[in-house]
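Below, each chain spelled out in residue letters.
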Amino acid sequence: MLFVQKSALNNSQYTADMTAKNKKKKPWGGRFATPTDEFVECFTESVSYDQRLALVDIKGSIAHAEMLAHVGVLSKQDIRKIVRGLKAIEKDIRQGKFRWDPALEDVHMNIESALIKRIGEVGKKLHTGRSRNDQVATDIRLYLRAEIQSIRQLLSEVMTALVDLAEKETETIMPGFTHMQTAQPVTFGHHLLAWFEMLYRDSLRLADCRTRVNVLPLGSGALAGTSYPIDRAYTAKLLGFPAVTENSLDAVSDRDFAVEFCHCAALVMMHLSRFSEELVLWMSQQFAFIELDDAWCTGSSIMPQKKNPDIAELVRGKTGRLYGHLMSLLTLMKAQPLAYNRDNQEDKLALFDAIDTVKQCLLAYRGMIPGIRVRNEAMLTAAGQGYITATDLADYLVRKQVPFRDAHAVVGRAVRYAIGQSKDLSELSLKELQQFSKKIGKDVFDCLSLEGSVAARDHVGGTAPKQVRQAIRRARKRLIKIMVEDGEG
Ligand code: ARG
């Protein structure tokens, strides 16, 4: 977002800059008789936002240059100068000394002309056998594949925070809900592990998406390939791509990998928005299940008593941005004829903001989760309401040979009676309970207790504390596996 705002702010400054620079010769200016209209310069520039590709652009250029030397298209001497020049430019960029010129359109032409300015004629050879079309496709893939790994790293950290908290809450009983109505008791550890599972799938999805991002388009030229005897496998090896794209027309034009990434990121946000919704509810005075750390909440300018869960609300709100970016990229690609079209320049705005937003929200969760203070008493009290162990009573009758459907009806009548008495099922006497079924004995009270109810769900995927502890052990192992595989990948 910071990025988009900066771009918008810079536009007026660019207009002024451009008046002076308008007459400057464009790298593609040869066939043009009149200078570019000032508005057109402003309208077509992308350097205000694609400058964030600068470092990967240089990395790609160095690999391309080295490949050209490897196949003998350029001399080793020329390449040494080009590489040295590019590295000096990289240093300038890192130190914030590089002057981006909107008249030079994009990050690619800015760097190329800086190179020519710096090393002279030989710099003009860098673009041999390459087009900005395969160059930008390469840059985006290089950039995105690294960002996917940072996002997965953040996901792992959030998952670790969830497992750590779950470990403290394996015995904590809370009401589980369906339709937001009290349903059956669950342990809070179990509830937290549900969030773990969602984020775990998100991480796997991103890893899978990365395999399709991680393919080298360079060598596709503008659209048809190049007439030089290039060695694409060599470039791929230098850049750490396990494969090269198979078809030049496809490689320069499609952005399905960016759409796919936005889909994965939108799912991360969808999950975080669900989590956020629960945190907001649980922080309310009506639930009072949790307390968030003061440092992770904000106040009200008018109501002195307020402590608001704004971080969770903002994450919930930002989810809409991700859905929007996904839709915008799908629409950007819709009906585009082969091959490259300038429409594609717009891919970066959506993609970059998607990356930034999902990272920010994961950072927010990484920071917020360890500060969740659980109000066990409130959770337990809430779990004791709403006839939450009614299913357990039905299951008890089934164990006494009552068919489940009949047991369901018996318990329904018992609940209706208890509501009339303003009592919970566990507060009814044995005699009262026996009005509804003779099969009920005094052992019934074990299954009417909250602890008995959760402990009974003792199977893989169930809420029993014993199962939750085992699930935590498995979760930690799965996290380690992800991290080890990432280290290797
Ligand atoms: N800046 C462009 C983009 O982001 C890349 C340049 C392609 N321009 C062209 N005239 N072929 O897609």
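Use the structure listed above.
These remarks concern the structure in this document. (Residues numbered from 1 in each chain as written. Predicted model: local features only at pLDDT ≥ 70, side-chain atom pairs only at ≥ 80, totals over all residues. Heavy atoms only, no water.)

### Topic: unusual backbone geometry
Condition: Per the convention used, a helix needs a DSSP run of H or I reaching at least four residues, while a strand needs a run of E reaching at least two, with both numbered from the N terminus. Exposure categories follow from relative accessible area, calculated using a 1.4 Å probe and restricted to protein chains: below 20% of the type maximum is buried, above 50% is exposed, and the middle band is partly exposed.
In this structure, the amide linkage connecting Leu338 to the following residue, Ala339, adopts the cis form with an omega of 0°. In this model, Ala288 sits at a positive phi of 50°, which is unusual for a non-glycine residue. Inspection of the secondary structure puts Ala288 in the loop between helix H11 (256-283) and strand E5 (290-291). When its relative accessible area of 16% is taken as the criterion, Ala288 is described as buried.

### Digging into the pairing of strand E1 (residues 173-178)
In plain terms, the rule: At least two bridges found by DSSP between two strands is the condition for calling them paired.
Both E1 and strand E2 (residues 181-187) contribute to a ladder of six bridges, which runs antiparallel. Within E2, the position partnered with Thr178 by the bridge is Gln181. Hairpin connection between E1 and E2: a loop of two residues separates the two successive antiparallel strands, and His179 in this loop has a positive phi of roughly 55°.

### Regarding the pattern of salt bridges
Rule in force here: We count a salt bridge whenever a side-chain nitrogen from Lys or Arg sits within 4 Å of a carboxyl oxygen from Asp or Glu.
This model, assessed by the stated rule, comprises 32 salt bridges. As a salt-bridge pair, Arg478 and Glu197 come within 2.8 Å of each other at their nearest N and O atoms. Taken together, the residues span a long stretch of sequence, with Arg478 in helix H20 (residues 465-488) and Glu197 in helix H8 (residues 188-213) at a distance of 281 residues. As a salt-bridge pair, Lys348 and Asp347 come within 2.8 Å of each other at their nearest N and O atoms. Among the ionic contacts, a cluster of salt bridges with common partners joins Glu105, Asp106, Arg132 and Arg342.

### Considerations on the site of the ligand
Test applied: Distances are taken per atom, and a residue is near a molecule or strand as soon as one of its heavy atoms is within 4 Å of it. N or O atoms closer than or at 3.5 Å make up a polar contact, with two conditions inside protein: a donor-capable atom paired with an acceptor-capable one, and, for residues adjacent in sequence, both atoms drawn from side chains. Residue-level accessible areas treat just the shown protein chains as cover; the underlying method is Shrake-Rupley with a 1.4 Å probe. The nonpolar class holds Ala, Val, Leu, Ile, Met, Phe, Trp, Tyr, Cys and Pro. Asp, Glu, Lys and Arg form the charged class, and all remaining residues, Gly among them, are polar.
Neighbouring the ligand are Ser46, Asp106, Arg132, Asn133, Val136, Tyr340, Gln345 and Lys348. Within the side chain of Asp106, a nitrogen or oxygen atom sits 2.9 Å from a nitrogen atom of the ligand. Within the contact set of the ligand, a nitrogen atom lies 2.9 Å away from a side-chain nitrogen or oxygen of Asn133. Contact with the protein chains covers 85% of the free accessible surface of the ligand, which is 350 Å². At three residues, the largest contribution of residues to the shell around the ligand is made by helix H7 (residues 132-168). For the shell around the ligand, the residue count by class is two nonpolar, three polar and three charged.

### Looking at the state of the cysteines
Cut-off, in case you're wondering: Any cysteine sulfur atom paired with another within 2.5 Å is treated as part of a disulfide.
All chains considered together, the criterion is met by zero disulfides. Looking at the unpaired Cys209, the closest cysteine sulfur is the one in Cys264, lying at 4.4 Å. Exposure remark for Cys209: the relative accessible area of 0% places this residue in the buried category. No disulfide involves Cys361; its nearest neighbouring cysteine sulfur is the one of Cys262, lying 14 Å away. Cys361 gets classed as buried once you look at its relative accessible area, which sits at 2%.

### Description of helix H9 (residues 232-239)
The condition is simple: Arc, as used here, means the arc of the directions from the helix axis to the C-beta atoms. Should any heavy atoms of two residues lie within 4.5 Å, those residues are considered in contact.
For H9, the set of buried residues is Arg232, Thr235, Ala236 and Leu239. Projected down its long axis, H9 carries its buried residues within an arc of 100°, all on one side. Away from its buried face, by an angle of more than 90 degrees, H9 presents the exposed residues Ala233 and Lys237. Next to the buried residues of H9 lie helix H4 (54-70), H7, strand E3 (215-216) and strand E4 (243-244). Capping the start of H9 is the job of one residue whose side-chain oxygen sits 3.3 Å from the backbone nitrogen of Ala233: Asp231.

### Focus: the side chain of Thr128
Mapped onto the elements, Thr128 comes out in the loop between helix H6 (107-119) and H7. Polar side-chain contacts of Thr128 include one of 2.3 Å to the backbone oxygen of Lys125. Those residues in contact with Thr128, other than ones at most four positions away along the chain, are His64, Leu68, Val73, Leu74 and Tyr228.

### Concerning the nonpolar core
The line we're drawing: By nonpolar core we mean a set of buried residues, namely Ala, Val, Leu, Ile, Met, Phe, Trp, Tyr and Cys, connected to one another through side-chain atoms within 4.5 Å.
Among the nonpolar cores identified, the biggest contains 107 residues, and Phe261 and Tyr365 are the most heavily contacted of them. Looking at this core element by element, the count peaks at 16 residues for H7. Beyond its immediate stretch of four places on either side in the chain, Phe261 contacts Leu144, Ile148, Ile151, Leu206, Cys209, Leu351, Ala354 and Ile355.

### Remarks on the packing of aromatic side chains
Note the following rule: In this analysis, rings of Phe, Tyr and Trp, with Trp reduced to its six-membered ring, are considered paired at centre separations within 6.5 Å, and the interplanar angle assigns stacked below 30 degrees, edge-to-face beyond 60, and tilted for intermediate values. Any Lys NZ or Arg CZ that is within 6 Å of a ring centre and within 35 degrees of that ring's normal is treated as a charge sitting over the ring.
Per the stated rule, a full pass over the model turns up eleven aromatic pairs. Three or more aromatic residues link up through ring pairs in this structure, and these residues are Phe177, Phe287 and Phe289. Between Arg31 and the ring centre of Phe32, over which it is positioned, the NZ or CZ distance is 5.7 Å. Positioned above the aromatic ring of Phe241 is the side chain of Arg145, whose terminal nitrogen or guanidinium carbon lies 4.6 Å from the ring centre.

### Observations concerning the packing of H4 against H9
For clarity, the threshold we go by: For helices, the fitted axis covers only the stretch in contact; all axes are lines through C-alpha atoms, and the angles between them, taken along N-to-C directions, range from 0 to 180 degrees. Oblique is the label for any angle not covered by the other classes, which are roughly parallel (under 35 degrees), roughly antiparallel (over 145) and roughly perpendicular (65 to 115). By convention the crossing between two helices is left-handed if the near helix lies anticlockwise of the far one by an angle smaller than a right angle, and right-handed if it lies clockwise.
The interhelical angle for the contact between H4 and H9, taken along N-to-C directions, is 140°, at an axis separation of 9 Å. When the axes of H4 and H9 are compared, the pair comes out oblique. Crossing of H4 over H9 shows right-handed handedness. Contacts from Lys59, Gly60, Ala63, His64, Glu66, Met67 and His70 in H4 reach Tyr234, Thr235, Leu238 and Leu239 in H9.

### Describing a nonpolar patch on the surface
Note the threshold: Patch definition: residues above 30% relative accessible area lacking any salt bridge, with like charges linked at up to 9 Å and the nonpolar side chains Val, Leu, Ile, Met, Phe, Trp and Tyr linked at up to 5 Å.
On the surface, Phe39, Val40 and Phe43 cluster together into a nonpolar patch covering about 340 Å² of accessible area. With respect to the secondary-structure elements, Val40 resides in helix H2 (residues 38-44). Residue classification places Val40 among the partly exposed residues on the basis of a relative accessible area of 34%.

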